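Architecture at a glance
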Amino acid sequence: MKEKSPCKGCMESVLVTEEVIQELVKEAEEDSSVMVSDEVYQARLKTCESCPSLQYGTTCAHSGSIVRYRAKYKNKSCPFAGKPKWEKVS
């Protein structure tokens, strides 16, 4: 069996389970005042899913963040250098 690759910034695996992602998203949703609408969230995810910088189906190559988590926040934008694919929401 092939070993999981280590994360560039830590000793953990780069592969994140669906369970971990769901916990992160659930935690993010606890303060709805900082969250984008469902429509904005879905649009962001669609953009990320078509981006060549999406790694492992979960992680942004530019920020190392889990896209389903980062896309929830109003104060976050796409970390694509020079030309973000989605912007912060006021």
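Residues numbered from 1 in each chain as written. Predicted model: local features only at pLDDT ≥ 70, side-chain atom pairs only at ≥ 80, totals over all residues. Heavy atoms only, no water.

1. What about the confidence of the model for the chain?
Put simply, the chain has an average pLDDT of 85, and 84% of its residues get 70 or more. Confidence drops under a pLDDT of 50 for residues 1–8, and excluding neighbours within four residues, the segment shows ten contacts in the predicted structure. (pLDDT = per-residue confidence, 0-100. Contact = heavy atoms within 4.5 Å.)

2. A look at the pattern of salt bridges
With the rule as written, the count across this model stands at two salt bridges. Across the salt bridge formed by E18 and R68, the nearest N and O atoms sit 2.9 Å from each other. In this pair, E18 is assigned in helix α1 (residues 18–28) and R68 in helix α3 (residues 67–70), connecting sequence segments 50 residues apart. Given a relative accessible area of 39%, E18 falls into the partly exposed group. (Salt bridge = Lys/Arg side-chain N within 4 Å of Asp/Glu carboxyl O. Helix = DSSP H or I, 4+ residues; strand = E, 2+ residues; numbered from the N terminus. Buried < 20%, exposed > 50% of the residue type's maximum accessible area, 1.4 Å probe, protein only.)

3. Re helix α2 (residues 38–49)
Across its twelve residues, α2 extends 16 Å between first and last C-alpha, which sits within 8% of the 16 Å expected from 1.5 Å per residue. Along α2, the positions that sit buried rather than exposed are Y41, R44, L45 and C48. Down the axis of α2, the smallest arc covering the buried residues is 100°, so these residues share one side. Exposed and facing more than 90 degrees away from the buried side of α2 are E39 and K46. Elements that come into contact with the buried residues of α2 comprise α1, β1 (54–55) and α3. (Expected span 1.5 Å × (residues − 1). Arc of directions from axis to C-beta.)

4. Quick word on unusual backbone geometry
At Y56, a residue that is not glycine, the phi angle is positive and equals roughly 60°. With respect to the helices, strands and loops of the structure, Y56 is situated in the loop between β1 and β2 (59–60).

5. Section: the state of the cysteines
Going through the model one piece at a time under the given rule, you end up with zero disulfides. Free of any disulfide, C51 has its nearest neighbouring cysteine sulfur in C78, separated by 6.3 Å. On the accessibility criterion, C51 (14% relative accessible area) is buried. (Disulfide = S-S within 2.5 Å.)

6. Describing the environment of Y41
Residue position: Y41 is located in helix α2. Between the C-alpha atom of Y41 and that of Y73, which follows or precedes it by 32 residues, the distance is 8.6 Å. Setting aside its immediate chain neighbours within four residues, Y41 contacts V25, V36, R68, A71 and K72.

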